[in-house]
Amino acid sequence: KLIRLKQWYQRRVRGDEAGIIAGYTCKYVNKAPSSLIDDMNLICEDNATNASKLLSAAKRSLKSREIGSIEASYQILGVHPIFSTVESVFIPAFPKEKRSKFLKSHAEREQLPDDSTDITHGSLVDDWYPNRPDEMEDLSLYKFRQNYDRIGFKRGNFKKERVVTLKNNKGYMVSMTDEKKKRLLTYGPHLREGMEEQFYQSRLMMYVPWREESTIIGQSNTYEEEYNRVKSEHPEMQLDVEKHFAIAKRKKAFEIKLSNLKQKKNDTESKDSDSDVDDHNDHVNDHDVDGDQNSVDEMQKNVPVKTREELDNKVSSKGPAQLSLYE
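Residues numbered from 1 in each chain as written. Predicted model: local features only at pLDDT ≥ 70, side-chain atom pairs only at ≥ 80, totals over all residues. Heavy atoms only, no water.

Enquirer: How should the environment of Leu-166 be read in this particular structure?
Expert: Among the secondary structure elements, Leu-166 is positioned in the loop between β3 (163-165) and β4 (172-175). Each C-alpha atom of the pair Leu-166 and Trp-128 lies 6.9 Å from the other, and the pair is 38 residues apart in sequence. Excluding residues that lie within four positions of it along the chain, Leu-166 makes contacts with Trp-128, Asn-131, Arg-132, Pro-133, Phe-144, Arg-150, Gly-171 and Met-173. (Helix = DSSP H or I, 4+ residues; strand = E, 2+ residues; numbered from the N terminus. Contact = heavy atoms within 4.5 Å.)

This is the structure:
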């Protein structure tokens, strides 16, 4: 696997980078789950022979396998993503400084002028959508990605009426068939505490048509203010935002309820623990008193008759628990 990966990367990157990338990819794909690592540590500590250790490791590996929560939910629900009829597409509706882009190959970069900064491939948010034709001026980023797909810098064999030519030599897009328009679009970031502005910015980016990112905020001071100003004009955006706030509200209520239950449980355990300590102390004191009384009875048997009356007087005046060891 490592040799194949290295050969594949050598056709795309230069020199030692190929081996580094291939090695990392190979380790990542073949990394063992944490449970298997723990099992191997236990097996290695065993005093059995190496053959027995390998057989034990093989049995553990074949008997069960650790999977993540997503894969587990797919198995339980009977979902098969490979055979899904609905395509899922992620749109990085983040601020520009937080979006990533694919680097061009070494061969492509070598053909660029020395002072060129065009070292990355084009992307939906940065290049294709802002350069859509004028007849798509009122088309939102959400609708644009839902209805069109990238075909590159050549038209291909698509029908002419389906091909869309982008401005500024940014290539071509093709309209999707009705079946493929059912794709599921996901985008971020989601609503989180302290990230409200980024959340509103992403929703405005997705549902309000724009050419330059700097115009998304409009004349408002914040993205939240701009959202409140235009939300009535974009009901899909308003529905999306309200849905996320409803989810956040239910999540917050669940966290509060869970915290209260944990606190109640801790208080109950603490109360039970204190009660057990008190019962134990009472039992110990009673035992000590009984033990002291028994000790006094034993001593009385061995004390001469002429001093027994004196000892009885001490016990009655001081109590058995306050007698000295000598007494």
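Enquirer: Can you help me understand the packing of aromatic side chains in this one?
Expert: Aromatic ring pairs are defined here through the distance separating the ring centres and the angle between the ring planes. Using the criterion set out here, one finds eleven aromatic pairs in the structure. Taking the centre distance of 5.6 Å and the plane angle of 65° together, the rings of Phe-199 and Tyr-200 count as edge-to-face. When its relative accessible area of 0% is taken as the criterion, Phe-199 is described as buried. Aromatic ring contacts, followed pair by pair, group Tyr-129, Phe-144, Tyr-148 and Trp-210 into a single cluster. (Phe/Tyr/Trp six-rings, centres within 6.5 Å; stacked < 30°, edge-to-face > 60°. Buried < 20%, exposed > 50% of the residue type's maximum accessible area, 1.4 Å probe, protein only.)

Enquirer: Just to check I follow, could you spell out the sheet that holds β3 for this structure?
Expert: Spatially, three strands are ordered β2-β4-β3 in an open sheet, and the strand pairing comes out antiparallel. The sheet is open, and its two borders are formed by β2 (148-152) and β3, each paired with just one other strand. Averaged over all neighbouring strand pairs, the angle between strand axes comes to 35°, with direction disregarded. In this structure, β2 lies alongside β4, joined through four bridges in antiparallel fashion. Its bridge partner being in β4, Arg-150 is matched across the sheet by Met-173. (Pairing = 2+ DSSP bridges. Axes fitted to C-alpha atoms, helices over the stretch in contact; angles between N-to-C directions.)

Enquirer: Looking at this structure, I do not really get helix α5 (residues 69-77). What am I missing?
Expert: A turn of α-helix holds 3.6 residues, and therefore any two residues three or four places apart point the same way. With respect to burial, α5 is a largely exposed element, only zero of its nine residues being buried. Once α5 finishes, Gly-78 follows within two positions and takes phi at roughly 75°, a positive value.

Enquirer: Help me out: how do you make sense of a nonpolar patch on the surface in this one?
Expert: Together, Ile-70, Tyr-74, Ile-76, Leu-77 and Val-79 line one region of the surface with nonpolar side chains, adding up to about 540 Å² of accessible area. Locating Val-79 in the fold gives a position in the loop between α5 and β1 (88-91). (Patch = residues over 30% accessible without salt bridge, like charges linked within 9 Å, V, L, I, M, F, W, Y side chains within 5 Å. Areas by Shrake-Rupley, 256 points an atom, 1.4 Å probe, with all protein chains shown as cover. Salt bridge = Lys/Arg side-chain N within 4 Å of Asp/Glu carboxyl O.)

Enquirer: When you look at the packing of helix α9 (residues 196-207) against helix α10 (residues 223-230) in this model, what are you seeing that I'm missing?
Expert: Their axes nearest at 8 Å, the elements α9 and α10 cross at an angle of 45°. By the angle between their directions, the pair α9 and α10 is classed as oblique. Crossing geometry of α9 relative to α10 is assigned as left-handed. Contacts from Glu-197, Tyr-200, Gln-201 and Leu-204 of α9 reach α10 at Tyr-223, Glu-224, Glu-226, Tyr-227 and Val-230. (Parallel < 35°, antiparallel > 145°, perpendicular 65-115°, else oblique. Left-handed = near helix turned anticlockwise from the far one by under 90°.)

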